[in-house]
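Understanding the architecture of this molecule
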Amino acid sequence: MTAHQFDMFTGQLVDTRTRKQRKADRERALPRQIEMFSQRDIAQFGVKANPTMPLSGNVKLLLIPEDPRTPEEIERDIQRAAEERTHPMFAK
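This report concerns the structure included in the present document. (Residues numbered from 1 in each chain as written. Predicted model: local features only at pLDDT ≥ 70, side-chain atom pairs only at ≥ 80, totals over all residues. Heavy atoms only, no water.)

1. What about the pattern of salt bridges?
- Counted by the stated rule, this structure contains 6 salt bridges.
- One salt bridge connects Arg 28 with Asp 25, and the closest N-O pair in it is separated by 2.6 Å. Note that Arg 28 and Asp 25 are positioned in helix α1 (residues 19–29) at a spacing of 3 residues, about one turn of the helix.
- Classification of Arg 28 by relative accessible area gives exposed; the value is 60%. (Salt bridge = Lys/Arg side-chain N within 4 Å of Asp/Glu carboxyl O. Helix = DSSP H or I, 4+ residues; strand = E, 2+ residues; numbered from the N terminus. Buried < 20%, exposed > 50% of the residue type's maximum accessible area, 1.4 Å probe, protein only.)

2. Quick word on the side chain of Asp 25
- On the accessibility criterion, Asp 25 (16% relative accessible area) is buried.
- Of the polar contacts made by the side chain of Asp 25, one reaches the side chain of Arg 28; its length is 2.6 Å. (Polar contact = N/O pair within 3.5 Å; in protein donor to acceptor, adjacent residues only side chain to side chain.)

3. Quick notes on the side chain of Arg 17
- Note that Arg 17 resides in the loop between β2 (13–15) and α1.
- Residue classification places Arg 17 among the buried residues on the basis of a relative accessible area of 17%.
- At 2.3 Å, the side chain of Arg 17 forms a polar contact with the side chain of Asp 25.

Put into structure tokens, the structure is as follows:
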């Protein structure tokens, strides 16, 4: 929104807005970044960032190793390891 008025002595257009109004108009014309998450999702009051898990009695937590390989890949790796450990019968 522009508020220009003619100066009655010079005939030129003069901006009659206050500094605050001019700044608000400039900022309104600039692109604004939108938020990816709402404030409700970002700031949750009363929620601990690092909650503790209650352990009762003699409960132990263990890490169970998992092999992401397929059975064919496991068999291939076993075969390669066996071949590396086997000495050739006849020298080349």
